[in-house]
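Overview (structure and organization)
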Amino acid sequence: MSPVLIPQGYTKSYLDGEINHQDQMADIRRAYLNIVKATKLRGGNHNNHSITICEGTGHVGVGSVVGSGNARIAAELGADVVLVANGGLGSTFDELELNRALCLQYGVNIAGVVINKVQPDKYDQTREYLRKAIDQMWKGPNGEPAPPILGVVPDRPYLGCPALADVESTFGTVLLSGSDHRYRHYDVGSNVQGRSIGMSMITTDLAAFLRTMQRQDGDSRTIFICHVTRDDVILGFLAEYRRKTRRGIPFQSALVICTGCDDGGGNKSDIELSPEVCDMIRDAGPAGPPVLRAPGYSPADAAKHIRTMTPKFNANDERRVTKATEHYEPFIDFDLLIDRTTYASDIAA
């Protein structure tokens with residue numbers, strides 16, 4: 001079950017009294033029970049399909065402004081909570097403690113804790129000392145044991161690398177060419193010098209840009225970013241793709257064309273990609289080099305959005321889903337998790 005979505009204008013309507021709180025909560029519970037029922041029917045007599053997961057985005061207080069914070073929704077549904085925090089020690093425990101306090105306020109059972117994205121070289125230290133902190137600080141008033149750590153998962157940067165599908169979603173656009181490569185991933189993080197590893201804004205002349213691309217081997221993946229006025233760069237990108245293709249060299253880079261324009265006085269507008277250039281891009285077809293537009297964005301803004309985006313899992317992105325499953329499964333005690341959670345039939349009854 002996905003998070004409760006709050007559309008634009010909903011918060012004001014709620015606070016103005018135009019939305020009845022009891023009706024809102026009844027809708028949420030009805031949706032939950034419909035999902036539980038459908039899940040049980042789909043599973044038949046097999047227990048392996050009878051699990052309903054309610055995703056609570058962000059911290060447990062998200063949604064409180066409309067009386068539907070994650071902790072309150074969990075209490076309403078009778079759902080147990082698994083707290084997930086990114087790896088660390090002091091700040092991680094502090095974050096967990098804030099979330100735990102709100103769960104206690106609403107009487108929500110914490111089934112356990114998962115620590116995510118732990119630095120591999122600090123894995124044992126993080127697991128040991130967070131276990132000690134939780135055992136010491138979270139014991140019940142009558143000596144009840146603290147919730148267990150269900151898993152400590154080392155970081156794997158690849159899972160945070162955006163695919164071109166994520167870039168499409170960020171800019172609200174679609175690939176003009178190269179759609180067959182929609183789920184190709186790019187490492188757009190920064191190295192120790194602060195320079196992007198897999199992303200580059202083109203501010204040089206065409207010759208320098210071509211030299212950069214020609215130095216890339218067949219395994220190189222870079223998202224190049226240029227302004228729509230750089231027809232020379234766009235055509236050079238297409239030409240280099242064709243050159244490497246003729247030579248049997250893999251070409252895995254992508255191009256983002258930014259169409260935003262600022263007149264210097266704060267007035268922004270869009271410059272259209274010329275029809276002639278657009279036709280040349282489209283002619284490359286689905287198997288060609290990935291090229292897309294970023295309407296309304298300058299190259300600098302586009303680079304910032306790509307670098308700071310949070311890639312989303314997509315069922316069609318089979319490689320990322322498979323890699324995530326293979327990575328997480330050994331580090332999480334799913335048997336203990338299931339043992340500490342409530343059966344859906346108990347709620348639905």
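Model, not experiment: these values are computed from the prediction.

**What about the sheet that holds strand S5 (residues 223–227)?**
Pairing within the open sheet is parallel, and its four strands lie in the order S4-S5-S6-S9. Among the strands making up the open sheet, the edge pair consists of strand S4 (199–201) and strand S9 (291–294). Across this sheet, the average inter-strand angle for adjacent strands is 25°, counted without regard to direction. Of the strand pairs in this sheet, S5 and strand S6 (residues 254–258) are connected by five bridges, and their pairing is parallel. Bridge pairing in S6 links Cys-226 to Ile-257.

**Quick word on the side chain of Arg-184**
Inspection of the secondary structure assignment puts Arg-184 in the loop between helix H6 (164–171) and S4. We note that Arg-184 is buried and unpaired, the nearest opposite charge coming from Asp-180 at a distance of 9.1 Å. Polar side-chain contacts of Arg-184 include one of 3.3 Å to the backbone oxygen of Gln-252. Residues within four places of Arg-184 in sequence aside, it is in contact with Pro-162, Ala-163, Leu-164, Arg-221, Phe-251, Gln-252, Ser-253 and Pro-290.

**A closer look at the confidence of the model for the protein**
For the protein, the mean per-residue pLDDT works out to 89, and 91% of the residues sit at or above 70. Taken together, the stretch residues 191–195 has pLDDT below 50 and engages in three contacts with residues farther than four places along the chain or on a different chain. Of the regions scoring below 50 in pLDDT, residues 345–349 engages in eight contacts with residues more than four places distant in sequence or in other chains.

**Some thoughts on helix H8 (residues 231–246)**
The terminal C-alpha atoms of H8 lie 23 Å apart, and with 16 residues this matches the ideal 22 Å at 1.5 Å per residue to within 8%. Just past H8, the residue Gly-248 takes up positive phi, approximately 75°.

**Topic: the sheet that holds strand S2 (residues 110–118)**
The strand order across the open sheet formed by three strands is S1-S2-S3, and the pairing between neighbours is parallel. Either end of the sheet is taken by a strand with one partner, and the two such strands are strand S1 (81–86) and strand S3 (149–154). Sheet twist, expressed as the mean angle between neighbouring strand axes with direction ignored, is 15°. As paired elements, S2 and S3 share four bridges and run parallel to each other. What sits directly across from Val-113, in S3, is Ile-149. Together, S1 and S2 form the strand contacts of helix H4 (residues 90–105), whose direction differs from that of S1 by roughly 155°.

**With respect to a nonpolar patch on the surface**
Taken together, the side chains of Ile-51, Ile-53 and Ile-338 make up a nonpolar region of the molecular surface, amounting to roughly 300 Å² of accessible area. With respect to the helices and strands, the residue Ile-53 is situated in the loop between helix H2 (21–43) and helix H3 (70–77).

**Topic: the pairing of S1**
Of the two faces of S1, the one lined by Val-81, Leu-83 and Ala-85 is fully buried and the one lined by Val-82, Val-84 and Asn-86 carries no buried residue. For the segment spanning S1, H4 and S2, crossover handedness is right-handed.

**A few points about the packing of aromatic side chains**
This model, assessed by the stated rule, comprises six aromatic pairs. The interplanar angle of 85° and the centroid separation of 5.2 Å between the aromatic rings of Phe-209 and Phe-224 together place this pair among those described as edge-to-face. Placement of the pair is Phe-209 in helix H7 (residues 206–214) and Phe-224 in strand S5, with a sequence separation of 15 residues. Linked through ring pairs, Phe-237, Tyr-241 and Phe-251 together constitute an aromatic cluster. One residue, Arg-320, lies across the ring of Phe-313, its end atom 5.9 Å from the ring centre.

Calculation rules
Residues numbered from 1 in each chain as written. Predicted model: local features only at pLDDT ≥ 70, side-chain atom pairs only at ≥ 80, totals over all residues. Heavy atoms only, no water. Pairing = 2+ DSSP bridges. Helix = DSSP H or I, 4+ residues; strand = E, 2+ residues; numbered from the N terminus. Axes fitted to C-alpha atoms, helices over the stretch in contact; angles between N-to-C directions. Buried < 20%, exposed > 50% of the residue type's maximum accessible area, 1.4 Å probe, protein only. Lys, Arg positive; Asp, Glu negative; His and termini not counted. Salt bridge = Lys/Arg side-chain N within 4 Å of Asp/Glu carboxyl O. Polar contact = N/O pair within 3.5 Å; in protein donor to acceptor, adjacent residues only side chain to side chain. Contact = heavy atoms within 4.5 Å. pLDDT = per-residue confidence, 0-100. Expected span 1.5 Å × (residues − 1). Patch = residues over 30% accessible without salt bridge, like charges linked within 9 Å, V, L, I, M, F, W, Y side chains within 5 Å. Areas by Shrake-Rupley, 256 points an atom, 1.4 Å probe, with all protein chains shown as cover. Right-handed = clockwise from strand over helix to strand, strands pointing away. Phe/Tyr/Trp six-rings, centres within 6.5 Å; stacked < 30°, edge-to-face > 60°. Lys NZ or Arg CZ within 6 Å of the ring centre and 35° of its normal.

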